[in-house]
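In case you want the letters, here they are:
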Amino acid sequence: MTNTQSMGDRDARKREAAMAAVAMVDDGMIVGLGTGSTAAFAIEGLIERVRGGLRIAGIPTSERSAKQARAGGIELTDFAHHTKVDLTIDGADEISRHSLDLVKGLGGALLHEKIVAAASDRLVIIADEPKLVAGLGGTVPVPVEIVAFGWETTAARLARLGAKPVLRMTPDGAAFRTDSGNLIVDCHFGLIADPGQLAQDLSATIGVVESGLFIGMAATVLVATPGGVIRLGR
Ligand code: A5P
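So, here's what we can say about the structure. All values derive from a computational prediction rather than experimental measurement.

Parameters at a glance
- Residues numbered from 1 in each chain as written.
- Predicted model: local features only at pLDDT ≥ 70, side-chain atom pairs only at ≥ 80, totals over all residues.
- Heavy atoms only, no water.
- Phe/Tyr/Trp six-rings, centres within 6.5 Å; stacked < 30°, edge-to-face > 60°.
- Lys NZ or Arg CZ within 6 Å of the ring centre and 35° of its normal.
- Axes fitted to C-alpha atoms, helices over the stretch in contact; angles between N-to-C directions.
- Helix = DSSP H or I, 4+ residues; strand = E, 2+ residues; numbered from the N terminus.
- Parallel < 35°, antiparallel > 145°, perpendicular 65-115°, else oblique.
- Left-handed = near helix turned anticlockwise from the far one by under 90°.
- Contact = heavy atoms within 4.5 Å.
- Nonpolar A, V, L, I, M, F, W, Y, C, P; charged D, E, K, R; others polar.
- Pairing = 2+ DSSP bridges.
- Near = heavy atom within 4 Å.
- Polar contact = N/O pair within 3.5 Å; in protein donor to acceptor, adjacent residues only side chain to side chain.
- Areas by Shrake-Rupley, 256 points an atom, 1.4 Å probe, with all protein chains shown as cover.
- 1 Å grid on protein atoms, 1.4 Å probe; cavity = no way out; pocket = protein on both sides within 12 Å on 5 of 7 lines; lining within 4 Å.
- Sits in = over half its atoms within 2 Å of the grid points.
- Points joined across faces, edges and corners; volume = space filled by probe spheres on them.
- Buried < 20%, exposed > 50% of the residue type's maximum accessible area, 1.4 Å probe, protein only.
- Arc of directions from axis to C-beta.

## Some points on the packing of aromatic side chains
Two measures describe an aromatic ring pair: the distance that separates the ring centres and the angle between the ring planes.
Right, on to step 1. Overall, the coordinates contain zero aromatic pairs when judged by the stated rule.
Right, on to step 2. Taking NZ or CZ as reference, K104 lies 5.6 Å from the ring centre of F214, over its face.
Right, on to step 3. Across the ring face of F176, the terminal group of R168 is positioned such that the distance to the ring centre comes to 5.6 Å.

Shown next, in the form of structure tokens:
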């Protein structure tokens, strides 16, 4: 199987998971719009349903997702108008199959994603099977959003927590900036023994805005496998 074919297969699976989540959206809902390639399939599906008459308002987790939704005709709103989100559909970088805890943020939107997830009645995570793991941290680093001022000192504190922190860069060699103007350090911990404790330690680190560990937040995980979409829930 070529790389091109396997990427095509992965996209097809991501789309299947996305469509299963889109089917959970009801008329009149405020919907959190996630970020990333899987979430983009969900926004595509929501656009189709809106064209078919579904009335929703979306709260996007990134400029990217806002642009896609707006271009497709989804009405957008914000927390000045709605303090509660009925359902959020988002992707993830790793999902613990037992706890449903997550690593998120490789797409750079973790802070806004966490704010929207925390305001949501229900966070639905969509993914293809390689994202489902026995333990977090084995395949991806934990993205940590930090303030730019004194970032070197924050990175040194993160290293003392056991991470190998790497400042995220753009392809043209500049430091990556989030939609809130912060930096991201990708923290390589390896397999994480206690993700809940690590999330607390990261939150307590001076200079850290938010980490990509989403503990106890996902209500439902929809994973597309070769045999169909499986649904995991807490
Ligand atoms: C965005 O900041 C991330 O949290 C995404 O949810 C995550 O990177 C998943 O992206 P893909 O769906 O592109 O794998």
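## As for the packing of helix α2 (residues 37-51) against helix α3 (residues 63-71)
Right, on to step 1. Axis separation between α2 and α3 bottoms out at 9 Å; the angle between their running directions is 20 degrees. Compared by their axis directions, α2 and α3 come out roughly parallel. Considering how the two elements wind past one another, α2 and α3 form a crossing that is right-handed. For the pair α2 and α3, the contacting residues are A40, I43, E44 and I47 in the first and S65, Q68 and A69 in the second.
Right, on to step 2. Tallied by class, the residues present in the contact of α2 with α3 amount to four nonpolar, two polar and one charged.

## Describing the sheet that holds strand β15 (residues 228-233)
Right, on to step 1. As summarised here, the arrangement of the seven strands in space is β3-β2-β1-β4-β7-β14-β15, forming an open sheet in which the pairing is mixed. Every interior strand has two partners, whereas the edge strands, β3 (75-76) and β15, have only one.
Right, on to step 2. Alignment of strand β1 (residues 30-33) against strand β2 (residues 57-60), held across four bridges, turns out to be parallel. Looking at β2, one finds that V31 is bridged to G58.
Right, on to step 3. The strands touched by α2 are β1, β4 (85-90) and β7 (120-128); relative to β7, the strand with the most contacts, the crossing angle is about 115 degrees.

## A word on the site of the ligand
Right, on to step 1. Taken together, 17 residues lie near the ligand, and S37, T38, D93, G105 and E113 sit nearest.
Right, on to step 2. Within the backbone of T35, an N or O atom sits 3.1 Å from an oxygen atom of the ligand.
Right, on to step 3. In isolation the ligand has 380 Å² of accessible area, and contact with the protein removes 91% of it.
Right, on to step 4. Using a 2 Å cut-off from the grid points, one finds that the ligand occupies the largest pocket.
Right, on to step 5. For the shell around the ligand, the elements supplying multiple residues, two or more each, are α2 and α4 (110-118).
Right, on to step 6. Tallied by class, the residues present in the shell around the ligand amount to four nonpolar, eight polar and five charged.

## Quick look at empty space enclosed by the protein
Gaps left between atoms show up when a probe the size of a water molecule is rolled over them.
Right, on to step 1. This model, assessed by the stated rule, comprises one cavity of 30 Å³ or more.
Right, on to step 2. The computed volume of the largest cavity comes to approximately 30 Å³.
Right, on to step 3. Surrounding the largest cavity, G32, L33, G34, A39, A42, I43, L46 and I89 form its lining.
Right, on to step 4. When contributions to the lining of the largest cavity are tallied by element, the ones reaching two or more residues are β1 and α2.
Right, on to step 5. When residues in the lining of the largest cavity are grouped by element, the largest group, four residues, is from α2.
Right, on to step 6. Partitioning the lining of the largest cavity into residue classes produces six nonpolar, two polar and no charged.

## A closer look at the pairing of strand β11 (residues 183-188)
Right, on to step 1. Of all six residues that make up β11, five are buried, and the element is covered over most of its length.
Right, on to step 2. Pairing of strand β10 (residues 164-167) with β11 involves four bridges; the strand directions are antiparallel. Pairing of V166 across the sheet is with D186, part of β11.

## Here's the deal with α3
Right, on to step 1. Taken residue by residue, α3 has S65, A66 and A69 as its buried positions. Down the axis of α3, the buried set is contained in an arc of 105 degrees. They therefore lie on one face. Within α3, the exposed residues directed more than 90 degrees away from the buried face are E63, R64, K67 and A71.
Right, on to step 2. Packing partners of the buried residues in α3 comprise β1, α2, β2 and β3.
Right, on to step 3. Positioned one or two residues after α3, G73 has a phi angle of 95 degrees, which is positive.

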